[in-house]
Amino acid sequence: MSLRTLLGLGLLAATQLATAQSQYRLAADASAGYYNFVQNTSPLFGLDPSGNPNTISGSVFYGSDYLSAYAYDRNTPAPDLRVGGTWAGDSAQGMTPVTANAYAMTGWGSNHASASVSGFTPVAQSYSGNFLDGSGTSWPMQVNSQNYAYASSRSTWEELYQIGGGTGTGQFTGSIHIDGVLSPLGGAGRAGLNWTLSTFSGQVVASVVASYDASADSWTKSVFSNGAWVASSGNGLLALNEDVVSSYSFAYGAALYLQSDLQTWVDGNASADFSNTVQFTGMRLPQGAAVYVVSGTEAADYGISFAGDGSGTICDNLSCALAPVPEPHSYALLLAGLGLLGWVARRRA
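Worth saying up front: this structure is predicted, and the values here are computed from it rather than measured.

Chemist: Quick rundown of the state of the cysteines? Include the residues and the values.
Modeler: In the structure shown here, the tally under the stated rule is one disulfide. Bridging C315 to C320, the disulfide has an S-S length of 2.1 Å. The sign of the S-S torsion, about -60°, decides the handedness of the disulfide formed by C315 and C320: left-handed. Of the residues examined, C315 reaches a relative accessible area of 8% and is grouped as buried. Residue classification places C320 among the partly exposed positions, given a relative accessible area of 32%.

Here's what the structure looks like:
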C-alpha cells in the first residue's frame, strides 16, 4: 500500500474518531425555578463523628421548568427553547410572586441565550426550639430557611474542520461578535455570562466571563484572547457589543474540533440577555489552505476566508482537504524530469 494511501486512511480514521467522540453538533437547555431551602439541625437526626447534631435539608418548590434539545446533524431542527412562568411563593412568610424566564437557541456558528427573574423578595428565617417526638422526648432543634429564584440557559455548537493544503502547522484567526446586556430588574440580584471557544482537548481559544451585582450596581469582566486574560470592572449595567479575536495553531492534515459554549444565569432580580447573538463571524485560514466543514454547514456560517492574496479552497468533500504528500519515488521522478528538461533546453540552445 502506498504512503499516500496510508496517509489518507490515517487522516480519515482520525476524522471519524473525532466525529464519534463528538456526541452532537448543536445543543441547548433552559431552566427556571422558585423554591425555599430548609435546613433542620438536631440530635434527633443523630450525631456526627465529632458529636455534633446532624443536619438534614430539603426544598419546597413553588414552581420550576426545564427543557433540553439536541441536533445531531443538519436534518434535525436546531434547538430553540423557552421556559419559565410566574409562581407565587408562601405569602405567609413574606414571599412575593416571581416571574422567571430562560431562552436558549443554537445555530450553526451562533449561540443565543438569555435568563431573567423579577418580583423576587428574599426571605431568610431562623427558628430555635424543641421538638417533641412520639415518645414524649423533647429534642432541641435549629431550623433555617432561605428562598431562591433562578433562571439559566446554555447554548453549545460543535464543528469539525479538516484542513489541508499545507504541511506542518498553520494558524487560523477566529473572530466572535458578542452582543448582550447584564442589567437589573428591580431589587437585589446577580446575573452572569460565561462564553468559551475551545478545542477537543479543552484548550481555550477565546473566552468572556462577566457578572453583574444589582445590589452594588457594579460589574466585572474578564476576556481571554491570544493566550492572555484581561480584566476590567465598572458601575452600572454591563452592555457588550464587541468582537473577541484570537489565534490558534492547528496541524495540517488533522481534524480541527471547535466548541462554542454560551451560558447565562440569574440569581434573584436581574437579566442576562444574550438572545441576540454570540456569532462566529470570521475564521481566517492561511493562504492556499483547503478546508472541509464536516457537518456540511455553509462556510459563510463560520465566516471562512483566507489570508494573503485570499486564495484557498472551501471543499465540498473530505478527500479535497486531505493534502497529498509526495512519496520518495515521486521526488526521484520529479528530479529526473527536471534534469531531462534541462538537457533538452541545452540541446535547443
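So, next bit.
Chemist: Help me get a handle on the side chain of T106, residues and values and all.
Modeler: Checked against the element boundaries, T106 lands in strand β4 (residues 98–107). Only 2.7 Å separates the side chain of T106 from the backbone oxygen of A27, close enough to count as a polar contact. The residues touching T106, leaving out its near neighbours within four places in the chain, are L26, A27, A28, A78, P79, N111, S155, T156 and W157.

Chemist: Lay out the side chain of E158 with the relevant residues and their values.
Modeler: Along the polypeptide, E158 turns up in strand β7 (residues 138–164). Polar side-chain contacts of E158 include one of 2.9 Å to the side chain of Y257.

Chemist: I'd love a proper account of the environment of L318, names of residues and values included.
Modeler: Among the secondary structure elements, L318 is positioned in the loop between β16 (313–315) and α2 (328–348). Residues L318 and Q162, spaced 156 residues apart in sequence, show a C-alpha to C-alpha distance of 7.2 Å.

Chemist: Mind laying out the pairing of strand β9 (residues 204–213), listing which residues take part and the relevant values?
Modeler: Sheet analysis places strand β8 (residues 169–199) next to β9, joined by nine bridges and oriented antiparallel. Bridged to N194 within β9 is V209. Joining the antiparallel neighbours β8 and β9 is a turn of four residues, in which G202 adopts a positive phi near 90°. Bridging between β9 and strand β10 (residues 218–225) involves eight bridges; their strand directions are antiparallel. Pairing of Y212 across the sheet is with W219, part of β10. Count of turn residues in the β9/β10 antiparallel hairpin: four residues, of which D217 carries a positive phi of about 50°.

Chemist: Pulling in residues and values, what's your account of the pattern of salt bridges?
Modeler: Any two side chains of opposite charge can pair, so long as their charged atoms come close to each other. Going through the model one piece at a time under the given rule, you end up with three salt bridges. Salt-bridge contacts for D261 lead to R154; the nearest nitrogen and oxygen are separated by 2.8 Å. One end of the pair, D261, is in strand β13 (residues 255–285); the other, R154, is in strand β7, and 107 residues separate them in sequence. Notably, a salt bridge pairs E242 with K221, separated by 3.2 Å at the nearest N-O pair. One end of the pair, E242, is in strand β12 (residues 238–251); the other, K221, is in strand β10, with 21 residues separating them in the sequence.

Chemist: Talk me through the packing of aromatic side chains; I want residue IDs and the actual numbers.
Modeler: Counted under the stated rule, the structure contains 13 aromatic pairs. Ring plane angle 65° and centroid distance 6.2 Å describe the contact between Y35 and Y150, whose orientation is recorded as edge-to-face. Here the residue Y35 occupies a position in strand β1 (residues 26–47), and Y150 occupies one in strand β7, the gap between them amounting to 115 residues. Take Y150: its relative accessible area is 25%, and that puts it in the partly exposed class. Members of the aromatic cluster, each reached through a chain of ring pairs, are Y35, F61, Y148 and Y150.

Chemist: Outline the nonpolar core, supporting the account with residue identities and numerical values.
Modeler: Core analysis: the biggest nonpolar cluster contains 59 residues, and Y161, I163, I178, W195, F280, L285 and I304 have the highest contact counts within it. In terms of residues, this core owes the most to one element, β13, which gives eleven residues. With sequence-adjacent residues up to four places away left out, F280 is seen in contact with G109, W157, Y161, G174, S175, I176, L197, L258, D301, Y302 and G303. Residues L160, Y292, V294 and L322 belong to the second largest nonpolar core, which totals nine residues.

Chemist: An account of unusual backbone geometry is requested, with residue identities and associated values reported.
Modeler: Located in the positive-phi region is D217, a residue other than glycine, with phi close to 50°. Position of D217 among the secondary structure elements: in the loop between β9 and β10. Even without a glycine there, the phi angle at N226 is positive, about 50°. Note on placement: N226 falls in the loop between β10 and β11 (228–235).

Rules behind the numbers
- Residues numbered from 1 in each chain as written.
- Predicted model: local features only at pLDDT ≥ 70, side-chain atom pairs only at ≥ 80, totals over all residues.
- Heavy atoms only, no water.
- Disulfide = S-S within 2.5 Å.
- Buried < 20%, exposed > 50% of the residue type's maximum accessible area, 1.4 Å probe, protein only.
- Helix = DSSP H or I, 4+ residues; strand = E, 2+ residues; numbered from the N terminus.
- Polar contact = N/O pair within 3.5 Å; in protein donor to acceptor, adjacent residues only side chain to side chain.
- Contact = heavy atoms within 4.5 Å.
- Pairing = 2+ DSSP bridges.
- Salt bridge = Lys/Arg side-chain N within 4 Å of Asp/Glu carboxyl O.
- Phe/Tyr/Trp six-rings, centres within 6.5 Å; stacked < 30°, edge-to-face > 60°.
- Core = buried A, V, L, I, M, F, W, Y, C linked by side-chain atoms within 4.5 Å.

Geometry only, nothing functional implied.
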